[in-house]
Amino acid sequence: MARVAAFITLFCSLVLSKAHPHEPGQCIFYEECGRNPTLNGTLIEPMVPCLNYSPARHLSGEHYKQLVKVCPMLDRGESNTYACCSIPQLISLQTSLTLSKAVLNRCPSCVDNFAHLHCINTCSPDQSQYINVTKIMNITNDLGVTREGVVAYQSYISTRFAERSFQSCKNVRIPATGGFAISTMCGRYGAKLCTPQRWYDFQGDSSNGLAPMDLDFHLVSDEAAGSLPNGIVPYNGTALKCNEKTPTGGQECSCQDCAESCPVVPGPPEPPSPFKLLGVDGFLLISIILLFLLILAFMFYLAVSCYLSSQRPKHLKKSKGKDLNSNDVTQRPIHPAEVTCTEKNSLAADALLSSIFRNWGKLMATYPLTVLLISAIVVAAFSTGLMHIELTTDPVELWSAPNSRARQEKDFHDTHFGPFFRTNQLILTAPSRKGHIYDSLLFGHQNFSGIVSKDLILELLELQTRIRFFSKDLNRTASLKDVCFAPLNPTNPQITDCAVNSLPQYFQNSIDNINAKVNMTELGVTKEVDWRDHLIYCLNSPLSFKDITDLGLSCMADYGAPVFPFLAVGGYNNFTYAEALIMTFSLNNFPRTDPRFKVALQWETEFLKIVQEYQKDPKMNFTFAYMAERSLEDEINRTTAEDIPIFMISYAVIFVYIAVALGEYSSCKRLLVDSKFLVGLGGILVVGCSVLASMGFYSWVGIPSSLVILQVVPFLVLAVGADNIFIFVLEYQRDVRRPGEEREEQIGRVLGNVAPSMLLCSLSESVCFFLGALSTMPAVKSFALYAALAVLMDFVLQMTSFVALLSLDARRQDRNRCELLCCVTVSKERPNKPNEGILLPFMRKFYAPVLLHHVTRVIVMLLFIFMFCASLFLMFNVTVGLDQELAMPQGSYMLTYFEYLYKYFEVGVPVYFVTKKGFDFTTVVGMNAVCSSVGCDQFSLTQKIQSYIGISSNSWVDDYIDWLNPGSKCCRLYAFGPNQGKFCPASEPFLKCPFKCMKTPSDGVLRPNVEQFNKFLPDFLGNRPDLQCPKGDYFCTDHSWLFCSHCRVTNVFYEQYLTIVQEGLFNISLCLLPTFVVCCLLLGLDLISGLLNLITIVMIVVDTVGVMTLWGIDYNAVALINLVTAVGISVEFVSHMTRSFAMSTKPTHVERAKEATANMGSAVFAGVAMTNLPGILVLAFAKAQLIQMFFFRLNLVITLLGMAHGLVFLPVLLSYFGICTG
């Protein structure tokens, strides 16, 4: 059948060719016969010419002017211009070209080349040489006159002309959509697969709604020219390059539309190469060199120390002496001149502080109930501020500094343009479904995946309409139209105005369109075409208003914009064989205080509910991944609520440990008397009250809290508070009441012994955190403020309430009363001797001697030096960032969504660039500085950013200039009536609005003057785009989100990663400073002790970052908060030991270190290490990955490293370098 049809066509062509020879100066058709009877539903009136073999006509007067206006390339001067077209033909040609110019006029040479060919076909005086008529019909016009009309012909073009014309147009952009203009003019092939032949085939296809007849373009090479029908000569005119000016004065195309026009600019700088020295990793080499230098320095120190020790006189090394009780001691007398100024200052400062705290402790212990009452009143007063507490959960508010550039720009955008729209997305897959091969009449064999099926498209369509709910805020049933982003009808949107991007939108969300079928004949073959043919076409030409099938359906979404395939399908090499369908609902966003914000949240809740019901339906044989804009915040809040029991168990374990570990347990009979359950509970309450007081105070002040504060600050204060509690209680248990000494005096004396050490740590930590509040990052700043005041309040309450509580407990214990059963007494008296427990004797007899053995000390120093250098190298390789999946609990539907998003979604982050007040757009210079079309600056804003984004950038100025262009129908003026001289929309007929807003510029560079700019701008802003005029403010601004046009990053909290390293160094340095200063001051300007204290804390922080690298813990703001916490906890491990060593009266470094390790080390181990570890281990069972990563792993690392440095490294370091008399 196909062969018969081809034979008939060839026979007709031969007959017509023989009847009318192809000669120069001859027309083959002339004048309009009427409407093509074979076409219906076209976008413009399909007027066809009359068959008329005659000489070309000489043009003059109005006829000549019209030709020059439409086809200037045919102008040979009024006295010598001939053509084969009448004025009505020129008008029809102009109308047809106007639609094409609307998308091509950014590039004058492209427009010229496009018009060139159609002018040659319609008007060339040598028309018969290039045209071969293949089909004629009798056509009756409106006047009843019947003539032979040409309804199909062949056009012969040289490949050279066709290729150059195509090259000049193939890169012309449609900035408002981010695509290429050629994609709308190449049918099913789109821009990627378009070729000159396919481009011309589409132009000649009458089914595209634009061609008035079937035009068969033959592209003929020089070699094939000899085989053409007799007299046929392929047209081989001059086609302009895109970087050439047009004969009428049009400028070269812009860089964005023509690569040849781009200036030669240096490429972006190469990313910095890895730091190398001598061809190897520079950081590794530096770490190795530092390791050897430190080891050599240490070994040199050992050698010098040994030499000096050997040279010391024997009588100075050891001598017999008597102590105050006349006992023999192996200790030489120390002459007063040997006591240094530093030691005198240290002893004086300690004596002063001890005296103050001794008197204070006695006072608190004497009036315990009064103290507890006053403390409770103060805490209650602070805590009332919790009524005004404000929890910040917005990531932008947490992690983006208010004065940062990104935050300021976002606030500016939200203030002037409204908050960025809310995204709700569904990704559908069907891995178990089998695909099929569809034999298309137009497209041949096409593979369809199992997911691209009619029933699933209908399912998606049903899902869109199901989401309805009763809104209390609206007092009626609400649906998508009440909350959706409707760019073309924002004031009164209907459901069809909602910006929903999905596969059903290629069918305008119409079930009838999806079910439509029609028989179609192509090349003599008749087959049925259905939704698959339409879908294939639309996936390749999403901007088309009419497909090339006899279905005649549009590809545009029902809300008036195109749906690009990367927004509708995912996981594809071929669109129809995609692995996933994607549906995206865009909702209007509002400030959180706006009532409409609640309605949007309600719609999203209903959306999640319906999708989850779909997912549970056993009949469904496909899988969902889904998310709503509220999902991240909801899941974080949900996991926080679910993990609260884990935190409660953690704190309960810590409480049980404290209550058990504080007991004395001298005998079974006194078990309930000597236990410290209530003391432990009191210590926990002190920590809790300090946190509540801190939160209440800042709530009064108006500084918001966050979930990070609720999770980290109690843990930090508990670590600090528990350590102080153990030091105080253990010191009291190890002390013996002196003869004639009252209980209150003993408590005061014990407090005087340990309170300076507690003050040293608490003040260091508090000042550390207060300085940390200088951070620009809101989450870090608020955490530092809350932690600083909480630590300070904890110390104050320990010096008051806890002392009073211990006094009451001591009174009960002295009376032999049971702890929980106060009325019950036991007969066995409390022994009047120190209770050292198990840990102190173990550390004194075994641990300290082994640790401080001369061999062990060397090994420890070498091991920790190696750890420090290795961690220093690893620190430079830590990964900066935060995988958002970590914020989700295990098993969250968001984890599946993220997996699908990365696997199937092809679109990047939208970016906006907004010009602020003060830029003058009304001037030519101002317009040229931001636009990207012909005549714009080569380095304009949009042209500069073009190389940095995935889809072409767009400025509204470009659309405004295109809208004003007289080559389109967008901006016209009424010729008469009440609106005479005013703007006329493109939908009005030509007779009403024959005048253009602006005249055609001679050089093709259209720029309105200030008056014109301001006059027509309101019309542009209010003009709704349509087929006749695709430009307009609705399209160029409200649709910019679809195409990543003039934008700015919406997730501004990502900006933290630009400065997080510097921010971390700044904050940690600020925290380290007070640890040195306070230590020096409270130890009487003991610089050596302060320096050793500082070195150890620095090593803990560096080793922590090194282990983070090994354990896969990324460095980010959450990690930074934990590192700041690490400094605070390190102070607890280190400063107590340093002070204990400095205050020791033992004669040698080693003996001082042994005493400090046994006495204070045992308290630190019991108070900090063993308090933290059980609570941290419980966090391993938390559901939230964020808690497991940054609260379990990182805190475990901090605690273990703090314990290793404080109880292993620091005693050894002090034994070598600590200050010591003699």
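See the structure printed just above.
Our subject in this report is the structure included herewith. A quick note: this is a predicted structure, and the numbers were derived from the prediction, not measured. (Residues numbered from 1 in each chain as written. Predicted model: local features only at pLDDT ≥ 70, side-chain atom pairs only at ≥ 80, totals over all residues. Heavy atoms only, no water.)

**With respect to the pairing of strand β17 (residues 444–448)**
Thinking step 1. Pairing analysis gives five bridges linking strand β16 (residues 436–440) to β17, with the strands arranged antiparallel. Its bridge partner lying in β17, S440 is registered against G444.
Thinking step 2. Between the antiparallel neighbours β16 and β17 lie three residues. (Pairing = 2+ DSSP bridges. Helix = DSSP H or I, 4+ residues; strand = E, 2+ residues; numbered from the N terminus.)

**Side note on the pattern of salt bridges**
Any two side chains of opposite charge can pair, so long as their charged atoms come close to each other.
Thinking step 1. Inspection of the entire model under this criterion finds 17 salt bridges.
Thinking step 2. D594 is paired through a salt bridge with R596; the nearest N and O atoms lie 2.8 Å apart.
Thinking step 3. Overall, the relative accessible area of 15% leaves D594 in the buried class.
Thinking step 4. Salt-bridge contacts for R812 lead to D809; the nearest nitrogen and oxygen are separated by 2.8 Å. With a gap of three residues between them, R812 and D809 both fall in helix α24 (residues 778–814), about one helical turn apart.
Thinking step 5. Overall, R812 belongs to the buried group, its relative accessible area being 8%.
Thinking step 6. For D809, a relative accessible area of 6% gives the class buried.
Thinking step 7. If you follow the salt bridges from partner to partner, you end up with R106, D257 and D958 in one network. (Salt bridge = Lys/Arg side-chain N within 4 Å of Asp/Glu carboxyl O. Buried < 20%, exposed > 50% of the residue type's maximum accessible area, 1.4 Å probe, protein only.)

**Let's talk about the pairing of strand β1 (residues 26–35)**
Thinking step 1. Within β1, eight of the ten residues are buried, which leaves the element mostly enclosed by the surrounding structure.
Thinking step 2. Inspection of the sheet shows β1 paired to strand β2 (residues 47–55) by seven bridges, in the antiparallel sense. Bridge pairing in β2 links Q26 to P55.

**Some remarks on the side chain of R743**
Thinking step 1. On the secondary structure map, R743 appears in helix α23 (residues 743–772).
Thinking step 2. Those residues in contact with R743, other than ones at most four positions away along the chain, are Y732, R737, S807, A810, R811 and D814. (Contact = heavy atoms within 4.5 Å.)

**Side note on helix α11 (residues 368–383)**
Thinking step 1. Here α11 spans 22 Å end to end across 16 residues, near enough to the 22 Å set by a 1.5 Å rise per residue.
Thinking step 2. Looking at α11, one finds that the buried residues are P368, V371, S375, V379 and S383. Across the axial projection of α11, the buried residues extend over an arc of 95 degrees, all falling on one side. Along α11, the residues that are exposed and aim more than 90 degrees away from the buried face are L369, L373 and I377. (Expected span 1.5 Å × (residues − 1). Arc of directions from axis to C-beta.)

**Comments concerning the nonpolar core**
A general trend in soluble globular proteins is that nonpolar side chains are found buried together.
Thinking step 1. Among the nonpolar cores identified, the biggest contains 145 residues, and W399, V713, F728, F769, F783 and F1190 are the most heavily contacted of them.
Thinking step 2. Among the elements that line this core, the one with the most residues is α24, at 20 residues.
Thinking step 3. Aside from chain neighbours lying at most four places away, what touches F728 is I747, V750, L751, V754, M758, F802, V803 and L806.
Thinking step 4. One finds L51, I536, Y900 and F905 within the second-largest nonpolar core, a separate group that totals 140 residues. (Core = buried A, V, L, I, M, F, W, Y, C linked by side-chain atoms within 4.5 Å.)

**Section: the packing of helix α34 (residues 1087–1110) against helix α35 (residues 1117–1143)**
Thinking step 1. Between α34 and α35, whose axes approach to 9 Å, the crossing angle comes to 145 degrees. At the point where α34 passes α35, the crossing takes the right-handed sense. Across from S1089, N1093, T1096, I1097, I1100, V1101, T1104, V1105 and M1108 in α34, the residues of α35 making contact are A1119, L1123, V1127, S1130, V1131, V1134, S1135, T1138 and A1142.
Thinking step 2. Partitioning the contact of α34 with α35 into residue classes produces eleven nonpolar, seven polar and no charged. (Axes fitted to C-alpha atoms, helices over the stretch in contact; angles between N-to-C directions. Left-handed = near helix turned anticlockwise from the far one by under 90°. Nonpolar A, V, L, I, M, F, W, Y, C, P; charged D, E, K, R; others polar.)

**Topic: unusual backbone geometry**
Thinking step 1. Positive phi values are uncommon outside glycine, yet Q508 reaches one of about 55 degrees.
Thinking step 2. Despite not being glycine, N509 shows a phi value in the positive range, around 55 degrees.
Thinking step 3. The exposure class of N509 is buried, given its relative accessible area of 18%.

**Focus on the state of the cysteines**
Thinking step 1. This structure, assessed with the given rule, holds 14 disulfides.
Thinking step 2. The disulfide partner of C85 is C123, and the gap between their sulfur atoms is 2.1 Å. Note on the C85 and C123 pair: the S-S dihedral is about 110 degrees, so by sign convention the disulfide is right-handed. Placement of C85 in the loop between β4 (82–83) and α3 (87–104) and of C123 in helix α4 (residues 108–123) is noted, with a sequence separation of 38 residues between them. C123 shares its class with C85; the two are buried.
Thinking step 3. Each sulfur of the disulfide joining C186 and C194 lies 2.0 Å from the other. An S-S torsion of about 90 degrees defines the bridge between C186 and C194 as right-handed. Accessibility assignment for this pair places C186 and C194 in one class, buried. (Disulfide = S-S within 2.5 Å.)

**A closer look at helix α27 (residues 893–904)**
Thinking step 1. End to end, α27 covers 16 Å across twelve residues, agreeing with the expected 16 Å (1.5 Å per residue, within 8%).
Thinking step 2. For α27, the complete set of buried residues consists of Y893, M894, Y897, F898, Y900, L901 and Y904. Take α27 and look down its axis: the buried residues cluster within an arc of 165 degrees, on one side only.
Thinking step 3. Buried residues in α27 make contact with β15 (422–429), β23 (569–570), β24 (580–587), α18 (595–616), β25 (623–627) and α19 (631–661).
Thinking step 4. Looking at where α27 begins, the residue whose side-chain oxygen comes 3.1 Å from the main-chain nitrogen of M894 is S892. (Polar contact = N/O pair within 3.5 Å; in protein donor to acceptor, adjacent residues only side chain to side chain.)

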